[in-house]
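Structural characterization, general
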Amino acid sequence: MAKTNRKTRGGRIRRAGIVLALMAVSFLAGMWTHGALDRPLFADAGLTYIGDIPVLTNYIPAGSRARPGGLREIKYLVIHETDNFAAGADAAAHDSFIHQNADAASGVVSWHYTVDDHQICHHLPDNEPAYHAGDGMEPNGGNQNGIGIEMCVNEDGDYEQTLRNAEQLCARLLVEYDLKPAALRRHQDFSGKVCPAKLIGSGRWEEFCAAVEQQYDALRAAGAQ
Ligand SMILES: [Zn+2]
């Protein structure tokens, strides 16, 4: 009788061990894959085109002051405008600017994407924090957990087309990172700075969010087919 009990207990322990091992494997598998493409959790989406809009990737060098590094959870898309109305101040010009100032002694700024009326420049991997929201490295903040997106307002650009391109980028990033349209934020939401100034000043923030949601719903519907 004692022998049978020992056997039963041994069997229970083995079964419990197997169950725990299976739970650990499924937990790790869940950690490792994420988002629409089942890519590793900590990986940039690697976008090259969004529709017919080219996405040009030219990362700020690792180790520069504007690229603090470290991986973080993506929780928000933080919308900005460059406030640079000069002719020629397009996405490529801002890509040059961000590289030239990546090791500035003070006032370092960085963000992930700049959008103009014909292309998108990608300056930092999406899974790294940056300096664009004016809230330091506040936990759960815009710098720590947001993807910074600058929209150009150059006088020789088509601002309406820039908005359309930014809407498409936002919708795509929401899908890529398994976020909801409610993850859209203004720079103003984190630091109080009136940014994106033109969009806020013209009372069009809600319109922008609605357009992103429409694009997001279309992408989701297309992905479900
Ligand atoms: Zn801003």
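Let me begin by describing the structure that accompanies this report. (Residues numbered from 1 in each chain as written. Predicted model: local features only at pLDDT ≥ 70, side-chain atom pairs only at ≥ 80, totals over all residues. Heavy atoms only, no water.)

**Looking at the overall build of the protein**
Summing up its helical and strand segments, the protein has seven helices and nine strands in all. Contacts spanning at least 24 positions in sequence make up 73% of the contacts within the protein whose residues lie at least 6 apart. For the protein, the exposed surface amounts to about 11500 Å²; the carbon and sulfur share of it is 56%. (Helix = DSSP H or I, 4+ residues; strand = E, 2+ residues; numbered from the N terminus. Contact = heavy atoms within 4.5 Å. Areas by Shrake-Rupley, 256 points an atom, 1.4 Å probe, with all protein chains shown as cover.)

**Structural notes on helix α4 (residues 159–176)**
For α4, with 18 residues, the first-to-last C-alpha span of 25 Å sits near the 26 Å given by 1.5 Å per residue. A large share of α4 lies buried, amounting to 13 of its 18 residues. At the N-terminal boundary of α4, the capping side chain belongs to D158, with an oxygen 3.2 Å from the backbone nitrogen of E160. (Expected span 1.5 Å × (residues − 1). Buried < 20%, exposed > 50% of the residue type's maximum accessible area, 1.4 Å probe, protein only. Polar contact = N/O pair within 3.5 Å; in protein donor to acceptor, adjacent residues only side chain to side chain.)

**So, unusual backbone geometry**
For the peptide bond that leads from C195 to P196, omega is 5°, which places it in the cis range. Its place among the elements puts P196 in the loop between α5 (188–191) and α6 (197–201). The phi torsion at D83 lies on the positive side, around 60°, for a residue other than glycine. Tracing the backbone through its elements, the reader meets D83 in the loop between β5 (76–81) and α2 (91–100). Exposure remark for D83: the relative accessible area of 33% places this residue in the partly exposed category. Located in the positive-phi region is D178, a residue other than glycine, with phi close to 55°. If you trace the backbone, D178 turns up in the loop between α4 and β9 (184–186). The exposure class of D178 is partly exposed, given its relative accessible area of 41%.

**Focus: the pattern of salt bridges**
Following the criterion strictly, the structure yields eight salt bridges and no others. The partner of R164 in a salt bridge is E160, with the nearest N and O atoms 3.8 Å apart. Here the residue R164 and the residue E160 both occupy positions in helix α4, the gap between them amounting to four residues, near one helical turn. Note that E160 and R204 form a salt bridge whose closest N and O atoms lie 2.9 Å from each other. In this pair, E160 is assigned in helix α4 and R204 in the loop between α6 and α7 (205–224), connecting sequence segments 44 residues apart. (Salt bridge = Lys/Arg side-chain N within 4 Å of Asp/Glu carboxyl O.)

**Looking at the coordination of the zinc ion**
Ligation of the zinc ion by protein atoms is provided by H80 (ND1), H187 (ND1) and C195 (SG), these donors lying 2.1 to 2.3 Å from the ion. We note that the donor set of the zinc ion lies within a single chain, spaced as H-x106-H-x7-C. With H80 in strand β5 and H187 in the loop between β9 and α5, the pair connects residues that are 107 residues apart, well separated along the chain. Assessed through its relative accessible area of 7%, H187 is described here as buried. (Donors = N, O, S within 2.8 Å, 3.2 Å for Na, K, Ca; no water.)

**Remarks on the side chain of E167**
With respect to the secondary-structure elements, E167 resides in helix α4. For E167, a relative accessible area of 5% corresponds to the buried category.

**Structural notes on the packing of aromatic side chains**
When we look at a pair of aromatic rings, we describe it by the centre distance and by the angle of the planes. A full pass over the atoms with the stated rule returns two aromatic pairs. Taking the centre distance of 5.8 Å and the plane angle of 20° together, the rings of W205 and F208 count as stacked. Here F208 and W205 lie together in helix α7, a separation of three residues that amounts to about one turn. Each member of the pair, W205 as well as F208, is classed as buried. One residue, K198, lies across the ring of Y159, its end atom 4.0 Å from the ring centre. (Phe/Tyr/Trp six-rings, centres within 6.5 Å; stacked < 30°, edge-to-face > 60°. Lys NZ or Arg CZ within 6 Å of the ring centre and 35° of its normal.)

**Considering the environment of E150**
On the secondary structure map, E150 appears in strand β8 (residues 146–151). Note: C-alpha distance between E150 and H80 (70 residues apart in sequence) is 4.6 Å. Those residues within four positions of E150 in sequence are excluded, and the remaining contacts are H80, E81, T82, W111, Y113, T114 and V115.

**Describing the sheet that holds β9**
Strands sit in the order β3-β4-β7-β6-β8-β5-β9 across an open sheet of seven strands; the sheet is mixed. At either margin of the open sheet sits one strand with a lone partner, and together these are β3 (49–50) and β9. Sheet analysis places β5 next to β9, joined by three bridges and oriented parallel. Each residue of the ladder has a partner; that of L77, found in β9, is L184. (Pairing = 2+ DSSP bridges.)

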